[in-house]
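Listed below, chain by chain, are the residues.
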Amino acid sequence: MNRVRRALTALALLAATATACAGGPALEDRGAATAPSGDGGELTVGSAGFTESDLLAQLYALLLEHAGYSTDLISVTNREIYEPALENGRIDVVPEYAATFADWLNAKARGADADPVGSPDLATTMKAFRGLAAPRGLTVLDPGRAVDQNAFAVTAAYARKHGLRTLGDVGAAKLPVRLAAGDECVQRPYCAPGLRTTYGIDVVAVDPKGVGTTQAKQAVQNGQDQMVLTTTTDATLDQFGLVLLEDDKKLQNADYVVPVVNRAHAGGAGVRDALGRLNTVLTTADLASMNEQVDSWRRLPEDVARGYLESKKLLPKG
């Protein structure tokens, strides 16, 4: 079945949705928030517009089509736009990250200064996440094994020289570390402050070159910095001779990949079962490999997603 990627029309529609929701009725007045679970035959799958989100949206759409649904894909880079559209059913399904989206919904409900509800514990995070999503007419489906968390990498040579496998090893070695990261790393608890307090790592400076950027990786590669902040699904580490260090004390939150759906349109057993098939196979390493195929090999996300599902026998070949 051919799917249509709607662009300008969809974005205009979603922008109107965001404007309406920004000053719209209270949650208890919205019919969608209390509607029973449903299974619509035509579903819109949203993507946040970056490679991994595009891949996940393609995987979801292909699985849904195989289960008999008709799907459209739209790409919306702004969560402030696509989340209200998900609430009112203009978008039916989005791939999200458990701890990050839970904290976003929490801030939306309780204010920007609300204490975070995301944590390194997946069960605790999912309980909070589902509690925040349900009043908005959203259902959070089960997460699988794939997780896209913040992660820290060093050169393979540096790791061998100092016997490093984990972040705990870095702290125990008492090595001074210049960290290539975004400038917000100075204050974020998962970054420099967390490395110091959780691991005892001597972060002597934060080099503001961005999260997982080429410049940040090059700075570690050439020895200007010793460590870079990136993500667990970064597919380019080998190109720079870098290796990830295990987060052995669980500093990072449980950002497992999880589908979030509009309950009235896509909250039924058909969608849950179709997307749940991905949970049995998709790993963090699989995501990294698919990211690499799109970003480095310049393959189309739909082709990569289809090939992956066929290789896992979740779609018939052809």
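The model shown is predicted, which means the values in this text are computed figures rather than measured ones.

Novice: It is not clear to me how empty space enclosed by the protein should be interpreted in this structure. Could you clarify?
Specialist: Rolled over the atoms, a probe with the dimensions of a water molecule shows which regions are left empty. Counted according to the given criterion, the structure contains 1 cavity of 30 Å³ or more. Its boundaries defined by the atoms lining it, the largest cavity holds a volume of some 70 Å³. In this structure, the largest cavity is lined by Tyr60, Gly144, Arg145, Ala146, Val257, Pro259, Leu278, Asn279 and Leu282. The residue makeup of the lining of the largest cavity, split by class, is 6 nonpolar, 2 polar and 1 charged.

Novice: Where do I start with the packing of helix H4 (residues 79–88) against helix H5 (residues 98–110) in this structure?
Specialist: Two quantities define a packed helix pair, namely the angle between the axes and the distance from one axis to the other. The N-to-C vectors of H4 and H5 enclose an angle of 85 degrees; their axes lie 12 Å apart at closest approach. By the angle between their directions, the pair H4 and H5 is classed as roughly perpendicular. Contacts from Arg79, Glu80, Glu83, Pro84 and Glu87 in H4 reach Thr100, Phe101, Trp104, Leu105 and Lys108 in H5. Here the contact of H4 with H5 is built from residues that sort into 4 nonpolar, 1 polar and 5 charged.

Novice: Just checking my understanding: could you explain the pattern of salt bridges for this structure?
Specialist: A side chain with one charge may pair with a side chain of the opposite charge, provided their charged atoms come close. Following the criterion strictly, the structure yields 12 salt bridges and no others. Between Arg79 and Glu96 there is a salt bridge, and its shortest N-O distance comes to 2.9 Å. Pair noted here: Arg79 is in helix H4 and Glu96 is in strand S4 (residues 93–97), with a separation of 17 residues, a long-range link. Residue Asp234 pairs with Lys217 through a salt bridge whose shortest N-O separation is 2.7 Å. A residue pair is termed long-range when its members are at least 10 positions apart, and Asp234 in the loop between strand S9 (227–231) and strand S10 (242–245) and Lys217 in helix H10 (residues 214–221) qualify at 17 residues. Assigned by exposure class, Asp234 and Lys217 land together as buried. Among the charged side chains, a salt-bridge network with shared partners connects Glu83, Glu87, Lys108 and Arg136.

Novice: Whenever I open this one, the pairing of strand S11 (residues 257–262) confuses me. Can you help?
Specialist: Sheet faces and side chains relate simply in a regular strand, where the side chains alternate between the two faces. Most of S11 is tucked away, with 6 of its 6 residues classed as buried. Of the two faces of S11, both are covered, the one formed by Val257, Pro259 and Val261 as well as the one formed by Val258, Val260 and Asn262. Where S4 meets S11, 5 bridges bridge the pair, whose relative direction is antiparallel. Within the sheet, the bridge partner assigned to Pro95 lies in S11 and is Pro259.

Novice: Honestly, the layout of surface pockets in this entry has me stumped. Any pointers?
Specialist: Put simply, the largest pocket is a space of about 1300 Å³. Surrounding the largest pocket, 46 residues form its lining, Thr100, Asp148, Asn150, Tyr190 and Asp255 being those nearest its centre. The dominant element in the lining of the largest pocket, judged by the number of residues it contributes, is H5, at 6 residues. Of the residues belonging to the lining of the largest pocket, the class tally is 17 nonpolar, 17 polar and 12 charged. Volume-wise, the second largest pocket comes out at about 320 Å³. Gln149, Thr232, Glu246, Asp247 and Lys250 are the residues nearest the centre of the second largest pocket, which is lined by 16 residues in total. For the lining of the second largest pocket, the secondary-structure elements that each account for two or more residues are strand S6 (150–155) and S10. Element by element, the count of residues in the lining of the second largest pocket is highest for S6, at 3 residues. A breakdown of the residues in the lining of the second largest pocket according to their chemical character gives 9 nonpolar, 4 polar and 3 charged.

Criteria and thresholds
Residues numbered from 1 in each chain as written. Predicted model: local features only at pLDDT ≥ 70, side-chain atom pairs only at ≥ 80, totals over all residues. Heavy atoms only, no water. 1 Å grid on protein atoms, 1.4 Å probe; cavity = no way out; pocket = protein on both sides within 12 Å on 5 of 7 lines; lining within 4 Å. Points joined across faces, edges and corners; volume = space filled by probe spheres on them. Nonpolar A, V, L, I, M, F, W, Y, C, P; charged D, E, K, R; others polar. Axes fitted to C-alpha atoms, helices over the stretch in contact; angles between N-to-C directions. Helix = DSSP H or I, 4+ residues; strand = E, 2+ residues; numbered from the N terminus. Parallel < 35°, antiparallel > 145°, perpendicular 65-115°, else oblique. Contact = heavy atoms within 4.5 Å. Salt bridge = Lys/Arg side-chain N within 4 Å of Asp/Glu carboxyl O. Buried < 20%, exposed > 50% of the residue type's maximum accessible area, 1.4 Å probe, protein only. Pairing = 2+ DSSP bridges.

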